[in-house]
2 protein chains.
Amino acid sequence: MNGADALISTFVANEVTACFANPGTSEMQFVAALDRNPQMRPVLCLFEGVATGAADGYGRMADRPACTLLHLGPGYGNGVANLHNARRAFTPIVNVVGDHATYHRQYDAPLNSDIKTLVTPNSLWAKSADSPDAVAGLAAEAVAASMTAPCGPVSLILPADSAWLETTTEPAIAQKPVRPAPKGEQVEAAARALKDAKKPIILIGGQACRAEGLKEAARLQAAGVTVYADTFVSRQPRGAGAFAPRRMQYFGEAALAELEGVDLMIYAGTTQPVAFFAYPDRPSVLVPEGAATLSLADRAEDAVAGLAALADALGAPKEGPVQPLKLPDAAPSGKLSPQLCGVTVARHLPEGAVVCDDSVTSGGGIAVPSMTARPHEVLALTGGAIGAGLPLAIGAAVACPDRKVVSLNGDGAAMYTVQSLWTMAREDLDVCAVVFANNSYRILNIEMMRTGSGQAGPQASKLLELGDPAIDWVSLAKGLGLPSVRCSTAEEFEKAFAGAMANRGPMFIEAVI
Amino acid sequence: MNGADALISTFVANEVTACFANPGTSEMQFVAALDRNPQMRPVLCLFEGVATGAADGYGRMADRPACTLLHLGPGYGNGVANLHNARRAFTPIVNVVGDHATYHRQYDAPLNSDIKTLVTPNSLWAKSADSPDAVAGLAAEAVAASMTAPCGPVSLILPADSAWLETTTEPAIAQKPVRPAPKGEQVEAAARALKDAKKPIILIGGQACRAEGLKEAARLQAAGVTVYADTFVSRQPRGAGAFAPRRMQYFGEAALAELEGVDLMIYAGTTQPVAFFAYPDRPSVLVPEGAATLSLADRAEDAVAGLAALADALGAPKEGPVQPLKLPDAAPSGKLSPQLCGVTVARHLPEGAVVCDDSVTSGGGIAVPSMTARPHEVLALTGGAIGAGLPLAIGAAVACPDRKVVSLNGDGAAMYTVQSLWTMAREDLDVCAVVFANNSYRILNIEMMRTGSGQAGPQASKLLELGDPAIDWVSLAKGLGLPSVRCSTAEEFEKAFAGAMANRGPMFIEAVI
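The numbers attached to residues start from 1 for each chain and follow its sequence in the written order. Labels are handed out in written order, letters beginning with A for the chains and numbers beginning with 1 for the ligands. The predicted origin of the model limits local features to residues at a pLDDT of at least 70 and limits the giving and counting of side-chain atom pairs to 80 or more, whereas totals for whole chains, interfaces and linings rest on all residues. With hydrogens and water stripped out, all remaining heavy atoms of the structure feed into the side-chain values.

As annotated in an unreviewed UniProt entry, chain A is Acetolactate synthase large subunit from Phenylobacterium soli. Per UniProt, chain A carries the Sequence similarities (unreviewed entry) text "Belongs to the TPP enzyme family." UniProt positions are given in the numbering used here, feature names are shortened, and annotations may be inferred rather than shown by experiment.

UniProt records the feature "domain: Thiamine pyrophosphate enzyme TPP-binding" (unreviewed entry) at residues 380-510 of chain A, using the numbering of this structure. Think of it this way: any DSSP run of H or I at least four residues long counts as a helix, any run of E at least two long counts as a strand, and we number them from the N terminus. Split by type, residues 380-510 of chain A is 44% helix and 17% strand. Its first and last C-alpha atoms lie 20 Å apart.

Before going further, it helps to spend a moment on the packing of helix α3 (residues 48-62) of chain B against helix α15 (residues 389-399) of chain B. All names here are of chain B. To obtain an axis, a line is fitted to C-alpha atoms, over the contacting stretch when the element is a helix, and the angle between two such axes runs from 0 to 180 degrees between their N-to-C directions. Between α3 and α15, the shortest axis-to-axis distance is 6 Å and the interhelical angle comes to 45°. On the basis of the axis angle, α3 is oblique to α15. At the point where α3 passes α15, the crossing takes the right-handed sense. Along its contact with α3, which presents Gly49, Val50, Gly53, Ala54, Asp56, Gly57, Tyr58, Arg60, Met61 and Ala62, the element α15 presents Pro391, Leu392, Ile394, Gly395, Ala396, Val398 and Ala399. All amino acids are sorted into three groups, where Ala, Val, Leu, Ile, Met, Phe, Trp, Tyr, Cys and Pro are nonpolar, Asp, Glu, Lys and Arg are charged, and the leftover types, Gly among them, are polar. Of the residues belonging to the contact of α3 with α15, the class tally is 11 nonpolar, 4 polar and 2 charged. Convention used here: angles under 35 degrees read as roughly parallel, angles over 145 as roughly antiparallel, angles from 65 to 115 as roughly perpendicular, and any remaining angle as oblique. Two helices cross in a left-handed way if the nearer one is turned anticlockwise from the farther one by less than a right angle. They cross in a right-handed way if the turn is clockwise. The contact criterion used is simple: two residues touch if any of their non-hydrogen atoms lie within 4.5 Å.

The UniProt feature table records "domain: Thiamine pyrophosphate enzyme N-terminal TPP-binding" (unreviewed entry) at residues 1-106 of chain A. What you have in residues 1-106 of chain A is 47% helix and 20% strand, and the ends, taken at the C-alpha atoms, are 27 Å apart.

Turning our attention to the domain arrangement of chain A. Residues and elements named next belong to chain A. Per the annotation, domain bounds derive from an automatic or database assignment of domains. Splitting chain A by domain gives domain 1 (3-164), domain 2 (184-313) and domain 3 (338-512). Distance from the C-alpha centre of domain 2 to the C-alpha centre of domain 3: 29 Å. Contact with domain 2, which involves 18 residues of that partner, is made by 21 residues of domain 3. Summed over both partners, the accessible area (1.4 Å probe) lost when two parts come together is defined as the buried area. Between domain 2 and domain 3, a total of about 1700 Å² is buried, with carbon and sulfur atoms accounting for 52% of that surface. Looking at the side of domain 2 facing domain 3, the largest losses of area belong to Arg235, Arg238 and Tyr279, adding up to 37% of the total buried there. Just to be clear on terms, a salt bridge is a Lys or Arg side-chain nitrogen sitting within 4 Å of an Asp or Glu carboxyl oxygen. Our count for the contact surface shared by domain 2 and domain 3 stands at 2 salt bridges. In this structure, the salt-bridge partner of Arg235 is Glu377, at a minimum N-O distance of 2.9 Å. What qualifies as a polar contact is a pair of N or O atoms within 3.5 Å, subject to a donor-acceptor requirement within protein and to the restriction that residues adjacent in sequence count only when both atoms come from side chains. There are 8 residue pairs in polar contact (both at pLDDT 80 or more) connecting domain 2 and domain 3. Among the elements that take part in the side of domain 2 that touches domain 3, strand β9 (residues 236-238) stands out by supplying 3 residues, more than any other.

The interface is formed by 99 residues belonging to chain A together with 99 residues belonging to chain B. The tally of links from chain A across to chain B stands at 2 salt bridges. A salt bridge links Arg88 of chain B to Asp108 of chain A; its shortest N-O distance comes to 2.6 Å. Partitioned by chemical class, the residues of the side of chain A that touches chain B number 55 nonpolar, 31 polar and 13 charged.

Our focus in this paragraph is the relation of the copies chain A and chain B. With an RMSD of 0.0 Å, the fit of chain A onto chain B corresponds to turning through 180° and sliding 0.0 Å along the axis. Taken together, these values place the two copies in the relation of a two-fold axis. Ranked by how close their C-alpha atoms come to the rotation axis, the residues of chain A are headed by Leu476 of chain A, at 2.3 Å. Looking at the interface residues of chain A, 100% of them are also at the interface in chain B, so both copies use one shared face. Copy-to-copy superposition: least squares on the C-alpha atoms, limited to residues that have pLDDT of at least 70 in both copies.

Residue and element names in this part refer to chain B. In the structure shown here, the tally under the stated rule is 43 salt bridges over all chains. The salt bridge involving Asp56 is made with Arg60; its shortest N-O contact spans 2.9 Å. Of this pair, Asp56 and Arg60 both sit in helix α3, separated by 4 residues, roughly a single helical turn. Only protein chains enter the accessibility calculation, which uses a 1.4 Å probe. A residue is then buried if its area is under 20% of the maximum for its type, exposed if over 50%, and partly exposed in between. On the basis of relative accessibility, which here comes to 1%, the residue Asp56 falls in the buried class. What makes Arg60 buried here is its relative accessible area of 1%. When the shortest N-O distance is used, the salt bridge between Arg282 and Glu253 registers 2.6 Å. Note that Arg282 is positioned in the loop between β11 (264-268) and β12 (292-297) and Glu253 in helix α11 (residues 252-258), a separation of 29 residues in sequence. Glu253 sits in the partly exposed class, given a relative accessible area of 29%.

What follows is the structure in structure tokens.
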């Protein structure tokens, strides 16, 4: 048994059983050890941003980490953007970053770099296993660190010699971290403040937006407290049977207009809401002037327990409101739009579907009719780094092979991690990947005006428009091994999407909007 | 005039006139300012790894930096791998990393991250312009820092408010850094050591491998000193009229076997050679036992001046050996192989062509016959992070619109930055992009054996083989807007490559090997 075996057997002993990988020479021992440890499922990704995004999707759905296998600093670097999103989703991930043999580092070979510094901004925990005997213990520590609330990505650096040298260490077992319930006085303070407030709201996020949190939040809604959810949430049930909190609006001034008159904001599983971007003369903090604020449960605390205790303290009913099942009767027709796509999606989304949403300006059109669709869950883009929607779907499908996964993407976003389509084909994942092709970074045309930059002229437009040449998405997806179809009308989209929902396996749809 | 105008006008005043970009909301002022500063050429890349790799290719060919425009930490993160390669190529690049407005940073909005730490490993210089009045001065400082030997990427962080607020600062002019010549005693010591040595070699790299460096190195060869070049060189002339130094072999034990008996190694423009990777029981340092070593000129010094002075001190002839022009007579035939591709490339490569090489295991087949092809230059993968070959070609073609650019890529490597093909089409670049499709990370099958990991079993093979499903490269390239052709025979490749060389504009060739 070598260090690589110790690593994989420790992972497996801690239920880390999926590895999204793009290895190189320094990771060959890990690769070889996979044949001796078949409980670990290796999933090849043709680019590390796919691997890290897939690990994010997996962790959100499995509630335990996958590992990634990345090739030194540059391999990790390619994964940074989706690790940023995962950090913002509080997703447990254990990154295994291969490194040169310990004694080889000093020679500064071409692939050498300062891995420790590179991983810092997106790692809750980062250590290097500098001997084979250290591997198992650090691997267990890494798993525990990634699952310690608020949870997130961690980085275990694995020098090549720590992997290839022999060790006799047993698999180490990670401590199971407990998420502490908020203190009684936090709950009492919140209950008192709510009784005194004229127009209170409670803002939920993270763990509080999961199924159990939504149930408790619905009780508060029933007791007269308006519930808002963060704009972008890691994982949230939607559709029939789920409570549908209001959503904090994306643009700050719209959010504040909606919150006018609110005199109390309570946070559960989240914190003070702020604008996604700053703009000249627009607000950064989205708390109405004069409103009191109070934390019921921060991201490291058990927000579900906090919400339940608060609901009990207020004498809220045992059950709150949930969405009815109400599917659009008629198939849509005419020239395709995000709104018409949304009608079709709502009609055909099967129960238990997982929707991975990176659809930027097209997303609203889907979200609205899906509010009363069959019960499903939504994984949103939490960190703002586009290119998450396709990789998230890979991870969700690996974690939940019995659930249909739908990936909704803007064209600009999908192009970031287009390599994902190959892994969907390779692993025969039950994913329907949709790309909304508007041939533009549409959001930037809107943002251009909002930042006071004015109308884009000919030079600026070169950086905002994708239509010259127009990307042939069907040709791309076929090239990567996926059955695919282009839809320009609502009828075509209805037929394609219904077919994808009815049949198992990967499918690609270009929605021309 | 706002901070963004101050930035672009300072860049233009310092001959930084190309911007490889993928902007977001925080960069909208920069984008808008492009319309007011038309001397700056914006080139949209659909992924930041393409932008940074293109800036690398541009800087290698133009000998002055391009700028990139990247969207906060995640945008920079996507560019890390090719910035690693650029750092290892000593290429001047000025990264402009947009950030939240200074006052907005404290609120930790979703796209917030520790940019300063993230840029550290791959930046020779990194500062944030925290007021509009600071922008011009820091931009000039950034340009100077990137061009100060040994040269490399730098990072200027640009908060959104520093871009949108007014300023009256004039464009700042960067100091032109001078590369100091090595001291007289270094040259004298090298001359003395050479006279005493029985089997001396000189190892050249970086600046010493440019046209002028090769000329002086050839004089040393004529004087009886065997000249070796680093395995991977940023930019080096090849073909007729160029001196062809020997190349340090990739595998350490082969390199040392070739160097057996060498008793003196002198370094010019480079440093001690080391193995690309460590392996169990194989050497890390590629200096023969007992050999003396000596630095004629380090990477920050003027190696060309050092070589010239040393050649003079040895009384070397004014001219050294150069390669003859010797093109393969006959077009190759039969089933395609890298070697047959090489014959065709050597036959048709036009004078002045720039070859961007990320072809991994297929590369040797091309290099050998090209040694006597028409004069051309080669840009190699300096940092080992695959995915450089396509972006380098974009940058080289933007920098040198009158030269044919040929991009040679392994299939695994090309998939990393496949988005590059779209920018080639968009900008109508004179690039012929070739992908060698062996449906495998072939190098890893070799490395698997070398690391002592044994033969890949079924699990390990899942991470090494790309053939299931096989990527249809022609479909991919067409989807991204490029005319493209698949070649399975040498006759087909000969026809396609000859056509691409004879006609201006982008062209894609899948070479099935």
